[in-house]
Structure formats: C-alpha cells, structure tokens
Amino acid sequence: MHQIVLIIDFGSQVTQLIARRVRELGVYSEIIPCTKATPESIGKMAPKGIILSGGPASVTENNAPKVSPKLFDMNIPILGICYGQQTMVQELGGKVDISDIREFGRAKLKLETSCRLFSDQWKIGSEQDVWMSHGDKVTELPKGFLVVGSSPAAPFAAIADENRMFYGVQFHPEVIHTPKGTEMISNFVTDICECDSNWTMSRFKEDAIKQIREEVGSEKVICGLSGGVDSSVTASLVFEAVGDQLTCVIVDTGTMRSGEVEEVVQLFRDNYNIPLVHRDASKLFLDKLSGVTDPEEKRKIIGYNFIEVFEKEAKTIGNAKYLAQGTLYPDVIESISFHGGPSASIKSHHNVGGLPEKMKLKLIEPLKELFKDEVRQLGRELDLPASFIERHPFPGPGLAIRIPGEITREKLDILRKADAIFINELKNRDLYQHIWQAFAVLLPVSTVGVMGDARTYECVCALRAVTSTDGMTADFYHFKMDDLADITNRIINEVEGINRVVYDTTSKPPGTIEWE
C-alpha cells in the first residue's frame, strides 16, 4: 500500500493542482470533498499528511463548509491553503474577518521567522512573490501558532504550530505564479510528513487495471472512441484489464474534423486487435442541433444522443453493462465538482454535465483525476503509438462548440477546411508539437472585404493556439507575425466563405481554451 497525502477539497478551482504538485514529488495524493472528510474515513485511509484546499466560500458565513474538529486531534501534519488556513484557524479558536483590502493576484510575502515549511528557501526579512486570492483574512491566531510571514493585506499570511505540525498559508503555493510554491509543498510532504517518493505512473496503471477488473468482473464494456489521446488511453487501459470483453465504438456526429473518422478508424485498426464499431450518426446529431444556439444546450444534446447511440450498441454486442470514457479532471472541475464539493460550475462537458441523469450503462472513467500530461505519461506506459499520444486535444462535441450560434452543414464545411489548413501549416512549420492545442473557430459575424476588385460579405474565422501542461491554465502561443500572415492568406484564398481572420490572444483564465 502506497503512502497517501490526503487533500480535503473546499471547492477551489485549483484543488487538483495541489494533487498534481504532490504527485510530481513521487507521492500519491487523493482528493475527497470536505463533506466526506469524517475522522472515520480519514482513519481508514491513514494519510501521512493532510492539505486543506482553498474555496469560494467565506468562513464568516453561517453555512460555510468545514471539517470535523476531531481532525485536529488525529496527530497528522496539516497544511491549510487560503480558505483551508482560515477554517483551520477558526476551528482551533482563532479569528477570521472580512478584509478591508482584498488581495487577488501577485503579492509580496515578507518572511518574519523561520519554520520547517520554508526551510532553505527564504531568508528572514526577505520578500518573495506569491499568488493571492482572498477577501477574508486571519486576524487572531489560535494558541500555539506563530506568525511566519505577512503581506500588505494579510498580517498572518503564513503561520505555524511546529509542535503539532500545523501550518497555514493565505497564498496559493500550488499555482505557478508562486515561484517557490513547489519547494514549499515539497518541504511539507517529504520533510514534515516524511513521505517516500515512490509513486509513479506505472503504479497508477497497475492500480487502475486492478480496480477496473474488480468493478467489471465478467461483464462486457463498450468504450467511446474519438481517436484523441484520452479515449485511446482509456481503451488501451480497459483492454489491459478485461481483454475481449471490450468493444470500442466511434460515432460520427457530423461535427468531426476533415477526414477525422477515417483517420481514427485506420490508426486504431492498424495498432490494435480490439473490436471497433463505426457508426455514422451524423443525421441524428445535426437534426437535433438544428436551430440551437445556446452552448450549454448543444453540449447536453450531444451528451444525451451519445448515450442513446452507445446504449443501442451495448445491446447489439451482447448487453454490455459498462461505458468507458476518457473523462479528465479539467472536464470534471469545469462541469461540476464530482467529489461533491462546493466548486463553482464553469461549463458543462458533453461527457460530464451533459449526460442524462438516468442511464442504463454504468460509467467507467479511469482517468478522471488525471491531467492531460499525466494521461500522455500513462499512454507511454501502455506503449501507445506516438500518433495517438501526441495528438492535440479535440473536444467530444467537436466542431459544434467551435461555431458560436446556429450550426449548419454549410458552416461545418467552411470550418473544416479552415481548420485543416491551420493544422497543416503548423505541422509544415514544425510548430505543432510546441503547441498544446490549436483550432479554428467560425464566428457568427460577417464583414465586408474586397476580392478581385469586388465586394465580399463573408464570415470571420478566429484562430486559437495555446500552450499549457494541464488544461487548467493556458497562455496563447506567441506566433511570429510572418507565420500568422501566411496562414491567414491560405485560409482566405482557399476557403470560400471566409474573408477575414483574427487571432485569439486570451489566456486561461480569464477565458477558457474552447470558445463554448
């Protein structure tokens, strides 16, 4: 049994980043919602350490989420982050108030004294960049705590009770905007909690295969295959677990990229000996999407109809009881907190918030606590071909969420051509592997242009290319202007229906990677 650092989730949008930082240290981490963090459940897990996450609530509210006070009597090291610090302070007899001055974004932390959490990192009296996101602040410490660091709006921005191994920070060490945050988490996990760095993706693979076998037993499984890395890794993992009990199904929704279905079918059949069913359901999906403009409704329509097609296929192959999906954590956290925590919903995903409430098939989602780069690591462990592992992410709803407004077959044809040119140019220029995701969007806007001395009034195409590691945060790719100019010229010259191209320079946050 591997050692565990338990993360108690109070609904922060970046809770999974804490788990990610711990895993990067070679230590297994697991997230549970604050609503399920009972002393009994924690005792069974026997964690080496506990981290209390941030969250959108205020501890000053009557119904603010909290943990049992008994948690602090279990002789386990605890690190509270942002809301986690505040709720720990309040439970232990300190005081938290609404701050007159809020801190969002970069701030300066001044180290007042030393403690094991900051050992070998920051000198006493020095000021370091940290990332804040709070409207409340600790105003009175519980007995046993000392102030370790302060910021302009948080006099107790870092605190410690070394005897009980309780630590709290108002800032977020898990985000990249706190430059030395990873080292601080490392001090907590490896020094204070005394964890061994022996958890690997190979170990995750073994555990996942065992869990799938135990859950499925002798039943049949179908896997929704899109050809992207997520569904491909899921298919390979499930096949390792249950062998010929698995059948993969690829559904042509009519919203796929140019040649996508044919390419995926060929790639999969060339590399695997797994039964693969190809269903053309484009008429069903496009008829259902006709006239729909709301992006949430689009996702739900696609989610519902995917399940309808899968349930029919499940009967055809012999009453399969399970549906395997390549759902990742960024999909889940943007749709709804699957841990049961109080996270804010950003948008539904067709395979999470877009699924019908009542389904005949039971879901298997072995990747739902992994980030994209972790999935790629798992793919290498499973010996997947590079052609699968290195593909850019492609959303399950496909081009339906890259056409804001009403979807028509004509718009889909225009977008397919523009998108194919964009991706082709990236590959020709050796840029594809330097970009995490790239795609074209067909805007519901027409503009005046001039072609061959004649007036045109055609669509605007937006190009989107981002760099990222986990999909939770992203920056736009900084193209050379000559590259953008050449790509623009090709699209306008070769795609009838587009006379203007723009480039999206929005980061995530505040935007999402996809437009809908």
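Residues numbered from 1 in each chain as written. Predicted model: local features only at pLDDT ≥ 70, side-chain atom pairs only at ≥ 80, totals over all residues. Heavy atoms only, no water.

Caption draft 1: Up close: the packing of aromatic side chains. Here the structure, examined in full by the defined rule, presents 13 aromatic pairs. Ring plane angle 45 degrees and centroid distance 5.1 Å describe the contact between F10 and Y83, whose orientation is recorded as tilted. Here Y83 lies in helix α3 (residues 83-91) and F10 lies in the loop between β1 (4-9) and α1 (15-24), a separation of 73 residues in the sequence. Here Y83 falls in the buried class, since its relative accessible area comes to 1%. Summarising the aromatic geometry, the rings of Y272 and F388 are spaced 6.0 Å apart at their centres and angled 40 degrees between planes, so their arrangement reads as tilted. (Phe/Tyr/Trp six-rings, centres within 6.5 Å; stacked < 30°, edge-to-face > 60°. Helix = DSSP H or I, 4+ residues; strand = E, 2+ residues; numbered from the N terminus. Buried < 20%, exposed > 50% of the residue type's maximum accessible area, 1.4 Å probe, protein only.)

Caption draft 2: Up close: the sheet that holds strand β10 (residues 221-224). With parallel pairing, five strands are arranged side by side in an open sheet as β12-β11-β10-β13-β14. The open sheet is flanked by β12 (276-280) and β14 (362-364), the only strands paired with a single partner. In this sheet, adjacent strand axes meet at a mean angle of 30 degrees when their direction is disregarded. By the bridge criterion, four bridges tie β10 to strand β11 (residues 246-252) in an arrangement that is parallel. (Pairing = 2+ DSSP bridges. Axes fitted to C-alpha atoms, helices over the stretch in contact; angles between N-to-C directions.)

Caption draft 3: Looking closely at the environment of E103. Here E103 is to be found in strand β5 (residues 95-111). What makes E103 buried here is its relative accessible area of 8%. Sequence separation of E103 and H134 is 31 residues, and the distance between their C-alpha atoms is 5.6 Å.

Caption draft 4: Broad picture of the packing of helix α13 (residues 409-428) against helix α14 (residues 481-494). In contact at an axis separation of 10 Å, α13 and α14 are set at 150 degrees when each is read in the N-to-C sense. Considering the angle they form, α13 stands roughly antiparallel to α14. Classified by chirality, the crossing of α14 by α13 is right-handed. For the pair formed by α13 and α14, the contact residues are A418, I421, F422, N424 and E425 on the first element and I487, R490, I491 and E494 on the second. Of the residues assigned to the contact of α13 with α14, the class counts are five nonpolar, one polar and three charged. (Parallel < 35°, antiparallel > 145°, perpendicular 65-115°, else oblique. Left-handed = near helix turned anticlockwise from the far one by under 90°. Contact = heavy atoms within 4.5 Å. Nonpolar A, V, L, I, M, F, W, Y, C, P; charged D, E, K, R; others polar.)

Caption draft 5: Inspection of unusual backbone geometry at higher detail. Phi at E194 takes a positive value of approximately 55 degrees, unusual for a residue other than glycine. Its place among the elements puts E194 in the loop between α4 (181-192) and α5 (201-216). Residue classification places E194 among the exposed positions, given a relative accessible area of 54%.

Caption draft 6: Examining helix α7 (residues 260-271) more closely. Taking 1.5 Å per residue as the helical rise, α7 with its 12 residues ought to reach 16 Å, and the 17 Å between its terminal C-alpha atoms agrees with that figure. For α7, the full list of buried residues reads E260, V261, V264, V265, L267 and F268. Buried residues of α7, viewed axially, fall in a sector of 165 degrees; they line one side. Facing away from the buried side of α7 by over 90 degrees, the exposed positions are E262 and D270. Against the buried residues of α7 lie α6 (229-242), β11, β12 and α12 (386-389). (Expected span 1.5 Å × (residues − 1). Arc of directions from axis to C-beta.)

Caption draft 7: Broad picture of the packing of α6 against helix α11 (residues 372-381). Running from N to C, α6 and α11 cross one another at 40 degrees; their axes reach a closest spacing of 10 Å. Comparing the axis directions of α6 and α11 gives the class oblique. Considering the relative orientation of α6 and α11, their crossing is left-handed. Contacts between α6 and α11 involve V229, D230, V233 and L237 on the former and, on the latter, K372, V375, R376, L378 and G379. Across the contact of α6 with α11, the residue classes tally to five nonpolar, one polar and three charged.

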